[in-house]
Amino acid sequence: MRLSLKFIAGAVMAACLGLAPASAQDYPTRSITIVAPFAAGGSVDVAARIFAEAMSRSLGQPIQIENVGGAGSILGAQRVATAAPDGYTILYNSSNLVLNLSLYAKLDYDLFKDFDPIALTATGPQVLGVTKSLPVENFTDFVEYARAHPGEMSFPSSGPGNITHIMCEMLMSEIGSSAAHIPYQGGASQYPDLISGRTHFAMASASSMIPFHQNGELRILAVTSEQPIPQLPGVPTFAELGYPNMTVGAWQGLLAPAGTPPEIIAKLEKAANDAAADPKVIEALGRHGLIPFPSTAEKYGEFLASEAKRWGPIMTSMGIQPQ
Amino acid sequence: MEFAFLDHLGLGFATAFTIGNLGYCLVGALLGTLIGILPGVGPAATIAMLLPVTFTLSPVSALIMLSGIYYGAQYGGSTTAVLLNLPGESASAVTTIDGYQMARRGRAGPALAIAALGSFAAGCFATLLIALFAPPLTRVALMFGPAEYFSLIVLGLIASVVLARGSLVKALAMIAAGVLFGMVGTDIYTGAARFTFGTTEMREGISFVAVAIGIFGISEILRNLENERDRDVSVQPIGSLMPSREDLRRSAGPVARGTVIGSLLGILPGGGALLSSFAAYALEKKISPRSSEFGHGAIEGVAAPESANNAGSQTAFIPMLTLGIPGNSVMALMMATLIMQGIVPGPAVMGNYPELFWGVIASMWIGNLMLVVLNLPLVGLWVRLLKVPYFVLFPCIMAFSAIGVYSMALSTFDVIYISVFGLIGYTLVKLDCEPAPFVLGFILGPMLEENLRRAMLVSRGDFSVFLTEPLSAALLFLAALAILIVSLPTINRKRDEVFVED
């Protein structure tokens, strides 16, 4: 039974490959689905929609977003990994996909074997913010305070293993202190406790924290981007402060099922990179605290591998066990 | 502040009363009612689908339309809760208890009309409350930390024992079972998978909508199919469509109290609006001179939770608009809409975009008025739905439920859930166990755990925090009082009487 199924699958694959040159040239002839592996409304989802809109204009076919949320992107990724490699079902992924390698003991797909990279799309800088009752005016104060009160402060995150958690732990180990981790569900629910001083500092996306900074409820002390953020005059980057290891951000990109014809990948790659250069897209992304982060398919592949190498040991050293 | 709020409301009505915005309000309210009636298709899914459309509208029009969908869905959800025992929204789960009993007694018309009128009254009050007190109320929301939430939920769970009629032990067992089912999924503190049997799908936990549809709706279908002739809904003559003077008199108090409870709890971002319908029902059942009628079609049991959930869903806008903190997934989507338009929700919105802030508030009131005008004449139409032969109706309900649940996450797993919970619900009914406490435990259990553990993390394992925080201590004191009242012999006897009468 299994043999015959394999045989049929093989035959279908062969048929598809045989047809590939002709259909790859005409691609796309019908609408494309981008699977967004998270619930609608978050900033990654919105970025996926901004790219879908711009790419559909240059590809000349409608692109719909299908939100397949859940299990930290796993369910959506799985759906694309097993989809037909014809360029009509692709994945809009975030850095979660790499962090998942250290979070989940068993994944039903192989990030490096079941996907062909298309392009990176955008990156979002993170910022360090403190509650206003904390007696620190700038990052130097913060380091001093943290070293004088090891283990006394606490910070929220969007869940264990989330980038907001890992960055805070990295920061504490960089400055040689420690603080208690308090997980929340989702990015926004951490703010009431942070504003009222029940938790003390947090690393979060610039877009989510800037309104509280402008209103005086929180103070942003440093940003993880390479350049300072225009909306935050006078706030230094971590690199300027002497912590280059903290220069990281959450990133996003597009992946296709493995075996997608190279001509199709090339068309998608061009569409994505054109979108990232479109002033309207740049402006729309900017409203969500995101910066375009274009790359070739090849570079994206290398980037994925290097990110996996970088985060794996960090997560292990933080004591995060795959479940 | 003096009468500045009158100027503000004036500005708001001037913004909302343009032909275009009235149109968007109407479209939103209509669409919301429709999706509220389709089980499973909730406002969150609809708003997500409409998100691209809103880019072409002005921010005010977009938000007016989306909020129309949101409270329209609350109306629609109660319609199916009353007629078919199918709560489309978690907030209308309580309405099924007495609303469906009223429908079975041929009083579906008054139940639906009271739900609409009560919601309207609640909507008017909540609108005024937001207009007058939005900024100070935001501060109240910030006073609630994990310890306060924990104590509030404890109070809620204890008070909910009165939700059940019949055996106290069974009610407690049902709450415990609900809490356990609520534990399924990924533990947010450690990332550990609990009760997932190694499946990826169950890591997300069990979808509430699937549980509610299965345990209320599907189990009711199974029960009805046992014996076609027992299906008293179609056998009972459908009485008057409109509530009698007596109905209105009996509902006035519950509507007023429900509105206050809903308005206050709605401000809390951590699921306060959800709690409010349960809390309002529990309070009415406790203080009503006719508490024995509750569970058998008491109109107060429809009026109170319906007003509470409408008031709560409206005051839920306060933390979103003034702090940028969404209280639920619908609010998160509305925030995304605003951000797409270049407006970052937060403390600056009221000052920088007054016409947006007050326009939306004014449109809430207009939208509620539209819903009453739309829904009162529709009551007759909905009630006629009960005349549809059951062998036609039940496959339709099943199909719509399955499609609706599937469309939420495109997961076949959710369709399996409604079947499984349908069977569980049927078994529970056969064992004389109430589904309402189960659902309450399912909703509140995970919140209880989340806040208990967070309070412990914040206080570094010091349990005294629940008593040293004044607000938390007060709530726990009320909970202790509630236990005392429930265990008093006279009240116990009253419970038994209810049981015997059943």
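Structure's up top.
Residues numbered from 1 in each chain as written. Chains lettered and ligands numbered in written order. Predicted model: local features only at pLDDT ≥ 70, side-chain atom pairs only at ≥ 80, totals over all residues. Heavy atoms only, no water.

1. A short note on the overall build of chain A
Then, number 1: For chain A, the helix and strand inventory stands at 11 helices and 10 strands.
Then, number 2: Relative to its 323 residues, chain A shows a buried fraction of 54%.
Then, number 3: The long-range fraction of contacts in chain A, counting pairs at least 24 apart against all pairs at least 6 apart in sequence, stands at 77%.
Then, number 4: As displayed, chain A offers around 13,200 Å² of accessible surface, 57% of which is attributable to carbon and sulfur atoms. (Helix = DSSP H or I, 4+ residues; strand = E, 2+ residues; numbered from the N terminus. Buried < 20%, exposed > 50% of the residue type's maximum accessible area, 1.4 Å probe, protein only. Contact = heavy atoms within 4.5 Å. Areas by Shrake-Rupley, 256 points an atom, 1.4 Å probe, with all protein chains shown as cover.)

2. Observations regarding the overall build of chain B
Then, number 1: A count of helical and extended segments in chain B gives 23 helices and 2 strands.
Then, number 2: When the 502 residues of chain B are sorted by exposure, 60% land in the buried category.
Then, number 3: When contacts within chain B are restricted to residue pairs at least 6 apart in sequence, those whose partners lie at least 24 apart make up 79%.
Then, number 4: Of the roughly 18,800 Å² that chain B leaves accessible, carbon and sulfur atoms contribute 71%.

3. Quick look at the interface of chain A and chain B
Then, number 1: At the interface, 42 residues of chain A touch 39 residues of chain B.
Then, number 2: When residues of chain A are sorted by the area they lose upon contact with chain B, R198, R287 and Q323 of chain A head the list and together hold 17% of the total.
Then, number 3: Applying the counting criterion to the chain A and chain B interface returns 0 salt bridges.
Then, number 4: Of all the elements in the fold, those that place two or more residues in the side of chain A that touches chain B are α2 (43-59), α3 (74-81), β6 (180-183), α7 (191-195) and α8 (206-215) of chain A.
Then, number 5: Partitioning the side of chain A that touches chain B into residue classes produces 20 nonpolar, 12 polar and 10 charged. (Buried area = accessible area lost by both parts, 1.4 Å probe. Salt bridge = Lys/Arg side-chain N within 4 Å of Asp/Glu carboxyl O. Nonpolar A, V, L, I, M, F, W, Y, C, P; charged D, E, K, R; others polar.)

4. Some details on a nonpolar patch on the surface
Residues and elements named next belong to chain B.
Then, number 1: On the surface, F477, L478, L481, L484 and I485 cluster together to form a nonpolar patch covering roughly 470 Å² of accessible area.
Then, number 2: Here L478 lies in helix α22 (residues 470-487).
Then, number 3: A residue is classified by how much of its surface remains accessible, and L478, at 42% relative accessible area, is partly exposed. (Patch = residues over 30% accessible without salt bridge, like charges linked within 9 Å, V, L, I, M, F, W, Y side chains within 5 Å.)

5. Let's talk about helix α17 (residues 354-384) of chain B
Owing to its 3.6 residues per turn, the α-helix aligns residues three or four sequence positions apart on the same side.
Then, number 1: In this model, α17 of chain B (31 residues) spans 45 Å end to end at C-alpha, consistent with the 45 Å of a helix rising 1.5 Å per residue.
Then, number 2: For α17 of chain B, the principal kink sits at L378 of chain B and spans about 45°. (Expected span 1.5 Å × (residues − 1). Bend = angle between axes of the 7 residues up to and from the residue.)

6. Overview of the packing of helix α8 (residues 168-182) of chain B against helix α20 (residues 435-458) of chain B
Residues and elements named next belong to chain B.
Then, number 1: Relative orientation of the contacting elements α8 and α20 amounts to 45°, with a least axis distance of 6 Å. Judged on the interaxial angle alone, α20 and α8 are oblique. Relative to α20, the crossing made by α8 is right-handed. Taking contact as the criterion, the partners of A171, M174, I175, A177, G178, V179, F181 and G182 in α8 are, on α20, P437, F438, G441, F442, G445 and P446.
Then, number 2: Tallied by class, the residues present in the contact of α8 with α20 amount to 10 nonpolar, 4 polar and no charged. (Axes fitted to C-alpha atoms, helices over the stretch in contact; angles between N-to-C directions. Parallel < 35°, antiparallel > 145°, perpendicular 65-115°, else oblique. Left-handed = near helix turned anticlockwise from the far one by under 90°.)

7. A closer look at unusual backbone geometry
Then, number 1: Y27 of chain A connects to P28 of chain A through a cis peptide bond whose omega is -5°.
Then, number 2: On the secondary structure map, P28 of chain A appears in the loop between α1 (2-26) and β1 (32-36).
Then, number 3: In this structure, N85 of chain B is a non-glycine residue whose phi angle is positive, near 65°.
Then, number 4: Mapped onto the elements of the fold, N85 of chain B is located in the loop between α4 (59-84) and α5 (95-104).
Then, number 5: The exposure class assigned to N85 of chain B is buried, which follows from its relative accessible area of 8%.

8. Structural notes on the pattern of salt bridges
Then, number 1: The final tally for this structure, using the stated rule, is 23 salt bridges over all chains.
Then, number 2: Here D45 of chain A ties to R49 of chain A by a salt bridge, and the two come within 3.0 Å at their closest N and O atoms. With D45 of chain A and R49 of chain A both in helix α2 and 4 residues apart, this pair spans about one turn of that helix. The pair formed by D45 of chain A and R49 of chain A is uniform in burial state, with each residue classed as buried.
Then, number 3: A cluster of three or more residues bridged by salt bridges with shared partners is formed by D187, R194, E449 and R453 of chain B.

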